[in-house]
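Here's the letter readout for the chains.
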Amino acid sequence: MRSDRLLSILLLLQTHGQLSAAALAGRLEVSARTIMRDVEALSTAGVPVYTVRGPQGGIALLPGYHTDVTGLTADESRALFVVLTGSAHAELGLGQALGSALRKVMAALPVPHRDGADLTSRRVLIDPVRWRGAPGASDLEVYQRAVFADLRLELRYRHGRDNRVRTYTVDPYGLVNKAGVWYLVADHQGEPRLYRLDRAQSATVLGEPVQRRDGVELDDAWEALRRRIDDLPTLVAVTALVQDDVLALFLRVHQGDLAEPPVPHKPGWSEVGLRFRSLRAVETLLAFGPGVEVLAPDEAREALARQARAIADLYEQRRSSHGEAT
């Protein structure tokens, strides 16, 4: 609706100061000509908006002009109060700030929308944290200091694919919390990389300014990395039984592979749904020995059986050779 767009233009100008017609058009998904008509309508309505011509020109409000009108619709008000558990905010040290901000927004809402927003906050809860208390990021403060100060990081990082620890100097774009897991989005030698913070052994803020690619923001880098992961070949769905004695360790190691939360199966065992990039990756389950049994698919069971036989043969040969030598 045009009234919503007019208010959006007003709020964008209050927030960002001078913006070009093209920038406003891009944000609101209309043409620059439509923006200019809307600016004229705002001026006619008494809003002190003006345009500056030239390469550095744009649209702006007179200095000091401000409106307290939020312009929130009933649906927008409810959307703000679909409350997260607050774990991500708490880990960033912003748990209390979130609560305070929501109270202020509630006070600023139009009276007819307040009951709906309050009801939504009590009826809908989104918990982004994985089951069984998956580990969070350590020393988030270090990463925040680097991303807010635009400084490089030296990262000692353990890779999931081979468990080796390597050291990198990276140029951070920012932090992303996805499904309860914190990630650092950064460039390494000019290439975008994604680092799970629970795999970082240590992080040191360097006194060097970041060297990011020109024109690339956090959301751009994250979208490219996300697509790279989403476009991988179809994942292998695996159903496995895990002994309860090793379940906590299993979930920490295979947190990124977990597709479904564990459920009790039989005394002492839980059933777990997993997703792997390939059958070869399923072989990492052998690290748990008889503490994990794959139920499906058959191809995964056969691959594990072949590997187990190869391991047994290797040790049998070594034992035989040792016996002959003595």
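Residues numbered from 1 in each chain as written. Predicted model: local features only at pLDDT ≥ 70, side-chain atom pairs only at ≥ 80, totals over all residues. Heavy atoms only, no water.

Asker: Could you give me a rundown of the layout of surface pockets, with the residues and numbers involved?
Answerer: Roughly 160 Å³ of volume is contained in the second largest pocket. As for the second largest pocket, its lining consists of Ser20, Ala21, Met36, Thr51, Val52, Arg53, Gly54, Gly57, Gly58 and Ile59. The residue makeup of the lining of the second largest pocket, split by class, is four nonpolar, five polar and one charged. (1 Å grid on protein atoms, 1.4 Å probe; cavity = no way out; pocket = protein on both sides within 12 Å on 5 of 7 lines; lining within 4 Å. Points joined across faces, edges and corners; volume = space filled by probe spheres on them. Nonpolar A, V, L, I, M, F, W, Y, C, P; charged D, E, K, R; others polar.)

Asker: An account of the pairing of strand E5 (residues 151-158) is requested, with residue identities and associated values reported.
Answerer: Here E5 runs beside strand E9 (residues 200-209); their pairing, made up of six bridges, is antiparallel. Each residue of the ladder has a partner; that of leucine 153, found in E9, is valine 205. The pairing of E5 with strand E6 (residues 165-178) spans six bridges and is antiparallel. The residue of E6 that forms the bridge with arginine 158 is valine 165. (Pairing = 2+ DSSP bridges. Helix = DSSP H or I, 4+ residues; strand = E, 2+ residues; numbered from the N terminus.)

Asker: Explain the packing of helix H2 (residues 21-28) against helix H3 (residues 32-44) residue by residue, including any values.
Answerer: Angle between the axes and distance between the axes: these two values describe a pair of packed helices. Direction vectors running N to C along H2 and H3 enclose 105°, while the axes themselves pass 8 Å from each other. When the axes of H2 and H3 are compared, the pair comes out roughly perpendicular. Here H2 contributes Ala21, Leu24, Ala25 and Leu28 to the contact with H3, which in turn contributes Ala32, Ile35 and Met36. (Axes fitted to C-alpha atoms, helices over the stretch in contact; angles between N-to-C directions. Parallel < 35°, antiparallel > 145°, perpendicular 65-115°, else oblique. Contact = heavy atoms within 4.5 Å.)

Asker: Can you tell me about a nonpolar patch on the surface, naming the residues and giving the values?
Answerer: Together, Tyr50, Val52, Leu62 and Tyr65 give the surface a local cluster of nonpolar side chains, amounting to about 320 Å² of exposed area. By the element assignment, valine 52 lies in strand E1 (residues 49-52). (Patch = residues over 30% accessible without salt bridge, like charges linked within 9 Å, V, L, I, M, F, W, Y side chains within 5 Å. Areas by Shrake-Rupley, 256 points an atom, 1.4 Å probe, with all protein chains shown as cover. Salt bridge = Lys/Arg side-chain N within 4 Å of Asp/Glu carboxyl O.)

Asker: Provide a residue-level description of the sheet that holds strand E12 (residues 269-276), including the pertinent values.
Answerer: Strands in a sheet are paired, the pairing made by backbone hydrogen bonds, and the direction either parallel or antiparallel. Ordered in space as E11-E12-E10-E13, the four strands form an open sheet in which the pairing is antiparallel. A single partner strand is all that each edge strand has here, and the edge strands are strand E11 (258-266) and strand E13 (292-296). Ignoring strand direction, the axes of neighbouring strands in this sheet form an average angle of 30°. Looking at chain direction, E11 and E12 are connected through five bridges and run antiparallel. Paired with proline 264 across the strands is serine 270, a residue of E12. Across the face of the sheet, helix H10 (residues 244-253) comes into contact with strand E10 (236-243), E11, E12 and E13 while running at roughly 135° to E10.

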